[in-house]
Each structure stands twice: as C-alpha cells, then as structure tokens.
Amino acid sequence: MNSRVKDIALLLAGLLPTAVVVFLAFVLVPGCIAIYGPVSGQLPPQTKFVFSFYYLSLVLPVLVAGVWLFWRGRWQRGVVAALLGSVGSVAAGAFGWWAVCQPQLILQLIGQSGS
C-alpha cells in the first residue's frame with residue numbers, strides 16, 4: 001500500500017470514532033438534560049459537567065486532525081492520529097455514559113413519576 005494512502009486511511013481511522021462521539025453527544029445529551037430536568041438540583045458533578053460542556057466533544061476531531069497535520073515524524077503521524085482518535089473516543093464515550101447513566105437519579109425519576 002502506498003504510504004500516502006496508508007497515512008490518510010489512518011487519519012480516517014482516527015476521525016471516524018471521534019465523529020461518532022460528537023454525533024452521539026449532540027443527539028443524546030440534550031434529551032438526557034430534558035429527562036433529568038425534574039431532578040436537576042440533585043445531579044452529581046460529573047453529570048453537570050457533561051450537561052454543561054458536551055459541545056467540547058468537537059475538540060476531539062480537531063485534535064486528531066491537528067496531530068495528523070503537525071506531528072514531526074510524517075511516518076508516525078497516521079498511527080498517532082488513529083490511536084488518539086480511538087483512545088480519546090473510548091475515554092470520552094465511557095465518561096459520558098458513566099456520567100449520564102446514574103442509577104440513583106434514574107431511581108429518583110421513577111419514584112417521582114409514581115407519586
């Protein structure tokens with residue numbers, strides 16, 4: 001495989017998961033904000049953080065593209081961009097899921113809807 005084609009394929013491999021994270025953040029978080037509205041005063045700090053700053057997920061694909069453009073070793077930049085995109089997406093997704101899916105809040109919402 002041509003090294004240029006491989007480099008671009010690695011960039012896309014880093015950008016694709018970040019695009020999925022950004023899409024899911026902008027689709028799911030506003031709905032979760034509406035769902036957790038009745039218990040908004042009892043939200044834990046991590047949930048408040050995600051609800052307040054989910055738009056910062058846009059930074060991740062920019063970081064991946066920046067690493068790909070400005071990495072010193074041209075032969076390494078594709079690998080680094082792919083790793084950053086993959087690891088960053090898994091980390092951001094896991095944190096977002098953990099922050100939003102709080103069992104105690106879900107139980108409070110269920111309790112409020114039953115009364």
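Values in this document were obtained by computation on a predicted structure and should not be read as measured data.

Cut-offs and rules
Residues numbered from 1 in each chain as written. Predicted model: local features only at pLDDT ≥ 70, side-chain atom pairs only at ≥ 80, totals over all residues. Heavy atoms only, no water. Helix = DSSP H or I, 4+ residues; strand = E, 2+ residues; numbered from the N terminus. Rg over C-alpha atoms; globule rule 2.2 N^0.38 Å. Buried < 20%, exposed > 50% of the residue type's maximum accessible area, 1.4 Å probe, protein only. Areas by Shrake-Rupley, 256 points an atom, 1.4 Å probe, with all protein chains shown as cover. Phe/Tyr/Trp six-rings, centres within 6.5 Å; stacked < 30°, edge-to-face > 60°. Core = buried A, V, L, I, M, F, W, Y, C linked by side-chain atoms within 4.5 Å. Disulfide = S-S within 2.5 Å. 1 Å grid on protein atoms, 1.4 Å probe; cavity = no way out; pocket = protein on both sides within 12 Å on 5 of 7 lines; lining within 4 Å. Points joined across faces, edges and corners; volume = space filled by probe spheres on them. Nonpolar A, V, L, I, M, F, W, Y, C, P; charged D, E, K, R; others polar.

## Examining the overall build of the chain
1) Next: What the chain contains, in helices and strands, is five helices and zero strands.
2) Next: Reading the chain from its N terminus to its C terminus gives the helix and strand order α-α-α-α-α.
3) Next: Compactness check: the chain gives a C-alpha radius of gyration of 18 Å against a globular reference of 13 Å for 115 residues, more than 25% above the reference.
4) Next: For the chain, the spread of C-alpha atoms along the three principal axes comes to 65 × 20 × 15 Å.
5) Next: Taken across its 115 residues, the chain has 32% of its residues classed as buried.
6) Next: When the accessible surface of the chain is summed, it comes to about 7300 Å², and 75% of that surface belongs to carbon and sulfur atoms.

## So, the packing of aromatic side chains
1) Next: All told, the structure shown has seven aromatic pairs when counted by the stated rule.
2) Next: Measuring from ring centre to ring centre gives 5.3 Å for Phe-26 and Tyr-54, while their planes differ by 70 degrees; the resulting arrangement is edge-to-face. Within this pair, whereas Phe-26 is found in helix H1 (residues 3-35), its partner Tyr-54 is found in the loop between helix H2 (45-53) and helix H3 (59-70), the two being separated by 28 residues in sequence.
3) Next: By relative accessible area, Phe-26 is classed as partly exposed at 37%.
4) Next: Measuring from centroid to centroid gives 5.3 Å for Phe-49 and Phe-53, while their planes differ by 50 degrees, and the two rings are tilted. Here the residue Phe-49 and the residue Phe-53 both occupy positions in helix H2, the gap between them amounting to four residues, near one helical turn.

## Re the nonpolar core
1) Next: Formed by Val-29, Cys-32, Tyr-36, Val-39, Leu-43, Val-50, Phe-51, Ala-99, Val-100, Leu-105 and Leu-109, the largest nonpolar core amounts to 11 residues.
2) Next: Residue assignment for this core shows that the elements contributing at least two residues are H1, H2, helix H4 (77-100) and helix H5 (103-114).

## A word on the state of the cysteines
1) Next: Tallying each qualifying case throughout the model produces zero disulfides.
2) Next: Between Cys-32, a free cysteine, and Cys-101, which holds the nearest cysteine sulfur, the sulfur-to-sulfur gap is 6.7 Å.
3) Next: On the accessibility criterion, Cys-32 (19% relative accessible area) is buried.

## Structural notes on the environment of Trp-75
1) Next: Its location among the elements puts Trp-75 in the loop between H3 and H4.
2) Next: Along the sequence, Trp-75 and Arg-4 sit 71 residues apart, while their C-alpha atoms lie 9.4 Å from each other.

## Quick look at the layout of surface pockets
1) Next: In this structure, the largest pocket spans a volume of roughly 590 Å³.
2) Next: In terms of lining residues, the largest pocket is bounded by 23 residues, among which Val-29, Val-50, Ala-92, Gly-96 and Trp-97 are the most central.
3) Next: Tallied by class, the residues present in the lining of the largest pocket amount to 20 nonpolar, three polar and no charged.
4) Next: One number sums up the size of the second largest pocket: a volume of about 170 Å³.
5) Next: As for the second largest pocket, its lining consists of Ser-3, Arg-4, Lys-6, Asp-7, Leu-10, Arg-74, Trp-75, Arg-77 and Val-79.
6) Next: No other element matches H1, which puts five residues into the lining of the second largest pocket.
7) Next: Across the lining of the second largest pocket, the residue classes tally to three nonpolar, one polar and five charged.

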